[in-house]
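A structural walkthrough
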Amino acid sequence: MKHLNKYTTALIYFIITMILYWPSKDGKFVGDTMYYIEEIKKDGFRGIFTSYDMIFHWQFPCLVYYLIHKIFGVSWLGWHLVFSFLHSANALLIKRVLDILLPKKYLIVALFGSFLFLVSPFQSEVVAWGATLHYLLIVLFLLLSILSLNSYYTTGKSRHIYLFQVYFILSLWCFEQAFLFPFVYMLYYFFFLQSESSRNWKSFLL
């Protein structure tokens with residue numbers, strides 16, 4: 001039942017995103033998006049390693065751009081599906097983080113908070129415009145890394161800390177905001193993971 005509710009929420013979030021951003025379905029191919037597409041056509045897969053000659057280290061978004069173009073070309077529907085999926089996935093991950101942080105009696109707050117993120121006008125550009133894929137991906141990796149960090153400290157299983165490192169490394173290849181993530185992790189650790197009597201900063205920093 002728990003898994004059913006999780007998948008139902010995911011499906012509802014995805015459908016809401018698809019409908020909410022349907023009027024912007026043709027907005028993917030304006031501005032910088034066309035530059036990326038032309039660079040993909042020119043340099044192909046090898047251009048990923050230099051972020052298609054941009055000054056940024058955005059190799060992972062460039063890889064995803066390459067794959068989207070390879071699979072869907074310039075079909076607006078394919079791009080709309082991918083961007084809607086990523087945005088709804090981020091909203092669902094926010095719900096999972098809030099489920100962990102909040103007492104069980106406030107779980108409705110987690111649902112409401114993630115729903116507000118899903119429909120927030122502040123997110124419009126990153127879902128409607130094809131050139132903002134890196135924003136969707138870096139939020140995805142931040143949330144996944146926080147969940148992995150939490151899983152490591154609650155279960156003690158080493159695979160979670162390995163996943164945490166993978167997500168953080170991928171975030172560094174998405175956007176420069178990732179340089180701030182270690183401060184977010186430290187705050188999360190300090191306020192939510194360790195009790196005052198068992199806090200071990202040396203172990204955490206390692």
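Going by the structure above, here's the rest.
Residues numbered from 1 in each chain as written. Predicted model: local features only at pLDDT ≥ 70, side-chain atom pairs only at ≥ 80, totals over all residues. Heavy atoms only, no water.

**Remarks on helix 2 (residues 32–43)**
Our working rule: A run of H or I in DSSP becomes a helix once it reaches four residues, and a run of E becomes a strand once it reaches two; helices and strands are each numbered from the N terminus. One less than the residue count of a helix, multiplied by 1.5 Å, gives the span that helix is expected to have. For every residue, the accessible area obtained with a 1.4 Å probe (protein chains only) is divided by the maximum for its type, and the residue is called buried under 20%, exposed over 50%, and partly exposed between those limits. Directions from the helix axis toward the C-beta atoms define the arc.
For helix 2, spanning 12 residues, the distance from its first C-alpha to its last is 16 Å, which sits close to the expected 16 Å at 1.5 Å a residue. Where helix 2 is concerned, the buried positions are Thr 33, Tyr 36, Ile 37, Glu 39, Ile 40 and Asp 43. Buried residues in helix 2, looked at end-on, bunch into an arc of 165°, giving them a common side. Of the residues in helix 2, the exposed ones pointing more than 90 degrees away from the buried face are Lys 41 and Lys 42. Remark: Gly 44 follows helix 2 within two positions and exhibits a positive phi of approximately 60°.

**Brief notes about the packing of helix 4 (residues 76–101) against helix 5 (residues 107–119)**
So the rule is basically this: Comment: axis = line fitted to C-alpha atoms, over the contacting stretch for helices; angle = value between 0 and 180 degrees taken between N-to-C directions. By definition in this entry, angles of less than 35 degrees are roughly parallel, angles greater than 145 are roughly antiparallel, angles of 65 to 115 are roughly perpendicular, and the rest are oblique. Helix crossings are classified by the rotation of the near helix relative to the far one: an anticlockwise turn of less than a right angle makes the crossing left-handed, while a clockwise turn makes it right-handed. In what follows, a contact means two residues having at least one pair of non-hydrogen atoms within 4.5 Å. Only Asp, Glu, Lys and Arg are considered charged in this grouping, and only Ala, Val, Leu, Ile, Met, Phe, Trp, Tyr, Cys and Pro are considered nonpolar; every other residue, Gly among them, is considered polar.
Between helix 4 and helix 5, the least distance of the axes is 8 Å, while the angle of their chain directions is 155°. One finds that helix 4 runs roughly antiparallel with respect to helix 5. In terms of crossing hand, the pair formed by helix 4 and helix 5 is right-handed. Here His 87, Ser 88, Asn 90, Ala 91, Ile 94, Lys 95, Leu 98 and Asp 99 of helix 4 come into contact with helix 5, specifically with Leu 107, Ala 110, Leu 111, Gly 113, Ser 114, Phe 117 and Leu 118. Broken down by class, the residue content of the contact of helix 4 with helix 5 amounts to 8 nonpolar, 5 polar and 2 charged.

**Topic: the side chain of Ser 171**
Spelled out, the test is: Pairs of N or O atoms within 3.5 Å make up the polar contacts considered here, provided that, within protein, one atom can donate a hydrogen while the other can accept it, and that residues adjacent in sequence are counted only when both atoms are side-chain atoms.
Among the secondary structure elements, Ser 171 is positioned in helix 8 (residues 158–172). From its side chain, Ser 171 meets the backbone oxygen of Phe 168 in a polar contact 2.5 Å long. Setting aside its immediate chain neighbours within four residues, Ser 171 contacts Ile 138, Phe 141, Ala 178 and Phe 181.

**A closer look at the nonpolar core**
Where we set the bar: Definition of nonpolar core: a set of buried residues of the types Ala, Val, Leu, Ile, Met, Phe, Trp, Tyr and Cys, connected through side-chain atoms within 4.5 Å.
Residues Tyr 65, Trp 79, Leu 133, Leu 137, Phe 181 and Tyr 185 are the most contacted members of the largest nonpolar core, which totals 52 residues. Mapped by element, the contributors of at least two residues to this core are helix 2, helix 3 (59–72), helix 4, helix 5, helix 6 (124–128), helix 7 (133–155), helix 8 and helix 9 (181–193). If you tally residues by element for this core, the top one is helix 7, at 11 residues. Once residues lying within four places of it in the same chain are set aside, the contact partners of Leu 137 are Phe 60, Pro 61, Val 64, Leu 86 and Cys 174.

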